[in-house]
Amino acid sequence: MELFDDEMEDQSTVQPKDEAMPTQEDPKTPEKDSNSDFDDDDFDFDELALASQTQTQRELSSANFKGRGTVVELWGSEHVIVEKADGEFFKIKTDPDWYLQVNDIVHGPPDFGSVIVAHSDNLISSTNVATAAKCPREAVLGDRFRDAEYGSRGSVRMLIGTILHEVFQELLTESIKGRIITVEKITNEFKKVAANFVEDIMLAGSDVDAVVKESECYFPMISSLLKGLCQTGFDTKLQFASTSNPNRTDHEDSKIKIEAVPDIEENLWEPRLGIKGKIDITAKIDAMNLGNGKRKKLVTPIELKSGRGDQLIQEHRIQTQLYGAVHAIRGNQQYQKTTGLVCYIKTGKVFSVPVKKIEIDTIMERRNVVAGYLRRPLKEEDEDYRPLPPLIPDGRRCEFCFKRSLCSFWSKVEGLTHEDAKTQEVFEKEQEHVSPELLKYVTKWTRLGLLEQKNINRKLRGKEIWNNKEDEKSMLKGLESHGPPVRSGNRWKTLFKLPFTKNWPFDLGQSVYFSHGERLAVASGWVTRLNPSKGLKSRGIVELSLNQCLPPQKDYQVNLGKGAGGGNFDTTLWLGNLMLYASPYGEKLQKILLNPPTFRKSVKQNFPETYDFARDTLKKALTGRLNVHQKKAIKLALEAKSYSLIQGFPGSGKTSVIIELIRILLALGKRVLITSHTHSAVDNILARLLPKMSKQQVRETIRIGADKKIDITLHHISEETRLANCKTNEDYQNVYEKARLVAGTC
């Protein structure tokens, strides 16, 4: 069943019951309940004292709850008490009872809605909210286990979509200026943009020529769309929420024309709605009503889609409606005058999406479901797994879902059977490699990962951009643009002038976010140069590498990246890696790690063909200054058939052992991977190892990762440096295949 149906307009506006929908309640005094529960996350004496106040001590407001508040008390099993900053208290219904706990943040509904935003500091991507409309389980799994699909089914198609987006956005500005955008020009621009994605295209198993050929079918329609949208005008039916009934739609046959583009790929963080995303195009549009000839000026979010789009797809409708809601809540224009556009660049279809109260409420219900499961993946009482949202009955959607392997694995963990027999058969086949030992291993480490995530999130809470108070360590206000940004590849070198008497609070390479007024995190990047330094002679000037071209303005705010958006991205990546290990592609690794290590009798037995080449290096290591335990560890590691585990307290010499092992393995003709959870650990090894390597060995070393994360003394071997001159698949392959020593985080 579709989440939205235009026929609903004439029906009752009673909200459908969802699994988790906090709602406002009239303040009635319930029977006293002494069974208050506390969240281990936030258990401290101050909060305990606050939450243990008797209910009769609080005077509950009879007004509708608006703005931001904090849960301060559990009221029975179905309600919580929320306190606003001004000291007002409100009673809110919560269902299920685990959903909201003491210290959780909630936000009142917008003017065009009635559903409270639960866990509003947990920003859920608009894409995931749209996914939750069909399947909350898929949305939760996708957010909890980031990048957990081995390879990526359809990755070439997704890359083509990304490149087409960039091509359309690049040519849009030229079309507004009146330039004719021909198919030939689009082809040349596509090749130019695709050159920046050579590495991704190669990893997806394709090449630039093949991607260009596969994309040519889009070019004539893009040319036609740009001409209509920017020059001659484009006929479409605009839809707006009715001023007489916000749950009904007014339709206007219109001719629209884009007059300006204030922003492209605008980063969007909106804690008042608890969502985040990227708006493809924010456009100023002139719309003429074809019925009465009246014109109106609109600021409109436009979403570009590369699918067929013969009809408006529900996920795309929801995503665009959320962006329209953000425009309305930020006061760009009234929600009754706001509409978003979904543009399908393959078929040339353009659909208008209004901001309707009943639909926004339903969307926020689903958003709240995802937020609740992500905020509390474990039960409070025993920290065991909380069951995921249930399987949906749509077998066809499940069968072709990108998260199918994740879903089928956790269905096996939870003992679920899909009601569609064919889908259940697919699930069982996908997980036939999963032994009881593997199931136990993965669930154990997933639980530990979620506990770590819970602990880190607790420490980061309150450090979000919208909550963080100005201090010298994590925030600086009043930055002013200093000259036009200069494009460098996919980034922008941008100069800023610091406020008078202020110093730059962050180190070179530290991740930062820029905000301006209500527009949070409009750009992100890192510092590349600080004054005084070569090329920056004026005092109080800093240079940053940003992912967006920021307009010249005063009063930018910059925040330290860690914790700026809430949540802990590193843990979700780690959990994603764990699920990759549980896939059929990790079968070899599973057999290794689920069994104790085994060893051969000598090093020579392990490396019979190259042992003689490394004899001198091995001899020096085993007769040098290392102690007897370090030498034994090296010998055992070299005799291991699959792996060995070397343990030692800090300062016991593990790093020295690792360095000698790497030198021996390189001498044995082996390719070596250095990896750790932290960049500093990897860089520490390399900094001590490189001086002991030959020039040829250094040339065959590559440090994987972005330069901003890597010690500046190692930039000469970084991935960005090594790949700087690569243009073709062959160039990239040569760099990686020739590397004998590869280092990076895991």
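What follows covers the overall build of the chain. Helix and strand content of the chain: 24 helices and 23 strands. Out of the 746 residues belonging to the chain, those deemed buried represent 49%. Of all intrachain contacts in the chain linking residues separated by at least 6 positions in sequence, the fraction that spans at least 24 positions is 69%. When the accessible surface of the chain is split by element, carbon and sulfur atoms take 50% of a total near 37000 Å².

Looking at the secondary structure, you find Thr 338 in the loop between helix 9 (314–329) and strand 12 (339–344). A distance of 2.9 Å separates a polar atom in the side chain of Thr 338 from the backbone oxygen of Gln 334. Not counting residues within four places of it along the chain, the set of residues in contact with Thr 338 comprises Gln 239, Phe 240, Gly 324, His 327, Ala 328, Gln 333, Pro 354 and Val 355.

With that settled, the discussion passes to the packing of aromatic side chains. Considering all chains together, one arrives at 16 aromatic pairs under this definition. On the basis of an interplanar angle of 65° and a centroid distance of 5.8 Å, the ring pair of Trp 98 and Tyr 99 is categorised as edge-to-face. Given the relative accessible area of 15%, Trp 98 is considered buried. You can call Tyr 99 buried: its relative accessible area is 1%. Ring geometry for Phe 496 against Phe 514: centres 4.6 Å apart, planes inclined by 20°, an arrangement best described as stacked. Here Phe 514 lies in strand 17 (residues 511–516) and Phe 496 lies in strand 16 (residues 491–497), a separation of 18 residues in the sequence.

With that settled, consider a positive patch on the surface. Together, Arg 458, Lys 459, Lys 463 and Lys 562 make up a region of like positive charge exposed at the surface. Secondary-structure assignment places Arg 458 in helix 14 (residues 436–460).

Taking strand neighbours across the sheet as the criterion, the three strands line up as 21-23-22 in an open arrangement whose pairing is parallel. At either end of the open sheet lies a strand with only one pairing partner, and these are strand 21 (672–676) and strand 22 (701–703). On average, adjacent strands in this sheet sit at an angle of 10° to one another, irrespective of strand direction. As paired elements, strand 21 and strand 23 (residues 741–745) share five bridges and run parallel to each other. The residue of strand 23 that forms the bridge with Ser 676 is Thr 745.

Along strand 16, the buried face is formed by Trp 492, Thr 494 and Phe 496; none of Arg 491, Lys 493, Leu 495 and Lys 497, which line the opposite face, is buried. Here strand 14 (residues 475–481) runs beside strand 16; their pairing, made up of two bridges, is antiparallel. What sits directly across from Glu 480, in strand 16, is Lys 497. Here strand 15 (residues 486–488) pairs with strand 16 via three bridges, running antiparallel. The partner of Val 486 across the bridge, within strand 16, is Lys 493. In this sheet, strand 19 (residues 541–546) lies alongside strand 16 in antiparallel orientation, the contact comprising six bridges. Counted as the bridge partner of Trp 492 is Leu 546 from strand 19.

Before going further, it helps to examine the nonpolar core. By size, the foremost hydrophobic cluster in this structure holds 66 residues, and its most contacted members are Val 106, Phe 409, Trp 410, Val 442 and Met 579. With eight residues, helix 10 (residues 357–375) is the largest single contributor of residues to this core. Those residues in contact with Val 442 that lie beyond four places of it in its chain are Tyr 385, Phe 409, Leu 578, Met 579, Tyr 581 and Ala 582. Judged by nonpolar contacts, the second largest core, of 51 residues, contains Leu 172, Phe 197, Val 208 and Leu 304.

Our next topic: the pattern of salt bridges. Following the criterion strictly, the structure yields 38 salt bridges and no others. We note a salt bridge from Arg 397 to Glu 315, for which the minimum N-O separation is 3.1 Å. You can see Arg 397 sitting in helix 11 (residues 395–399) and its partner Glu 315 sitting in helix 9, a full 82 residues away along the chain. Using a relative accessible area of 22% as the deciding quantity, one classes Arg 397 as partly exposed. With its nearest N and O atoms 3.5 Å apart, the salt bridge here joins Asp 361 to Lys 357. Linking Asp 361 with Lys 357, this pair stays in helix 10, spanning four residues, or about one helical turn. Classification of Lys 357 by relative accessible area gives partly exposed; the value is 22%. The structure contains a network of salt bridges with shared partners spanning Asp 263, Glu 266, Glu 270, Arg 272, Arg 330, Glu 518 and Arg 519.

Here helix 12 (residues 404–414) crosses helix 13 (residues 421–430) at 85°, and the two axes come no closer than 9 Å. It follows that helix 12 is roughly perpendicular to helix 13 by the angle criterion. Listed contacts from helix 13 to Arg 404, Ser 405, Cys 407, Ser 408 and Ser 411 of helix 12 are Val 426, Phe 427 and Glu 430. Taken together, the residues that form the contact of helix 12 with helix 13 break down as three nonpolar, three polar and two charged.

Rules and cut-offs
Residues numbered from 1 in each chain as written. Predicted model: local features only at pLDDT ≥ 70, side-chain atom pairs only at ≥ 80, totals over all residues. Heavy atoms only, no water. Helix = DSSP H or I, 4+ residues; strand = E, 2+ residues; numbered from the N terminus. Buried < 20%, exposed > 50% of the residue type's maximum accessible area, 1.4 Å probe, protein only. Contact = heavy atoms within 4.5 Å. Areas by Shrake-Rupley, 256 points an atom, 1.4 Å probe, with all protein chains shown as cover. Polar contact = N/O pair within 3.5 Å; in protein donor to acceptor, adjacent residues only side chain to side chain. Phe/Tyr/Trp six-rings, centres within 6.5 Å; stacked < 30°, edge-to-face > 60°. Patch = residues over 30% accessible without salt bridge, like charges linked within 9 Å, V, L, I, M, F, W, Y side chains within 5 Å. Salt bridge = Lys/Arg side-chain N within 4 Å of Asp/Glu carboxyl O. Lys, Arg positive; Asp, Glu negative; His and termini not counted. Charge placed at Lys NZ, Arg CZ, Asp CG, Glu CD. Pairing = 2+ DSSP bridges. Axes fitted to C-alpha atoms, helices over the stretch in contact; angles between N-to-C directions. Core = buried A, V, L, I, M, F, W, Y, C linked by side-chain atoms within 4.5 Å. Parallel < 35°, antiparallel > 145°, perpendicular 65-115°, else oblique. Nonpolar A, V, L, I, M, F, W, Y, C, P; charged D, E, K, R; others polar.

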